[in-house]
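Survey of secondary and tertiary structure
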Amino acid sequence: MNKLAKEYPFVHIYAQQKPRQPVIIKGSTEGLCVLLNAIVAAIAYQENNGTAEVFDGDAEVYEVVVRLVDTHDELAPLPYQKQ
């Protein structure tokens, strides 16, 4: 098996396929640390989103956005749904 390159933060977030199914996050140590830092940043700097720039298994770069919310209204809309 090919080992993941340590200099790149690899993370893959698998969405639910049906209700009550878990969301699965897989990542290298570097990738999970970048994701953890984004979560901490979202909590520490509540006026900003926490972001993590990571790579998926195909070495495609993407951004993970972590946003702290306080109400059901903020939590409810789908992220790509226009409000």
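A short tour of the structure in this document, coming up. (Residues numbered from 1 in each chain as written. Predicted model: local features only at pLDDT ≥ 70, side-chain atom pairs only at ≥ 80, totals over all residues. Heavy atoms only, no water.)

It is worth spelling out the pattern of salt bridges at this point. Scanning the entire structure with this criterion turns up one salt bridge. For R67, the salt bridge is made with E74, and the minimal N-O distance between the two is 3.9 Å. When its relative accessible area of 32% is taken as the criterion, E74 is described as partly exposed. (Salt bridge = Lys/Arg side-chain N within 4 Å of Asp/Glu carboxyl O. Buried < 20%, exposed > 50% of the residue type's maximum accessible area, 1.4 Å probe, protein only.)

Glancing now at the packing of aromatic side chains. Inspection of the entire model under this criterion finds three aromatic pairs. Measuring from centroid to centroid gives 6.4 Å for Y8 and F10, while their planes differ by 70°, and the two rings are edge-to-face. Using a relative accessible area of 38% as the deciding quantity, one classes Y8 as partly exposed. Between F10 and F55, the aromatic rings sit 6.2 Å apart at their centres with planes inclined by 55°, giving tilted as the arrangement. Highlighted residues: F10 in the segment before β1 (11-14) and F55 in strand β3 (residues 50-55), separated in sequence by 45 residues. (Phe/Tyr/Trp six-rings, centres within 6.5 Å; stacked < 30°, edge-to-face > 60°. Helix = DSSP H or I, 4+ residues; strand = E, 2+ residues; numbered from the N terminus.)

Below, the discussion takes up helix α1 (residues 29-44). Helix length check: α1, at 16 residues, gives a terminal C-alpha distance of 22 Å against a target of 22 Å (1.5 Å per residue), a fit within 8%. The complete set of buried residues in α1 reads G31, L35, A38 and A42. Viewed along the axis of α1, the buried residues span an arc of 55°, placing them on a single side of the element. Every exposed residue of α1 that faces more than 90 degrees away from the buried side is listed here: T29, N37, I43 and A44. Structurally, α1 contributes buried residues whose contacts are with β1, β2 (24-27), β3 and β4 (61-66). (Expected span 1.5 Å × (residues − 1). Arc of directions from axis to C-beta. Contact = heavy atoms within 4.5 Å.)

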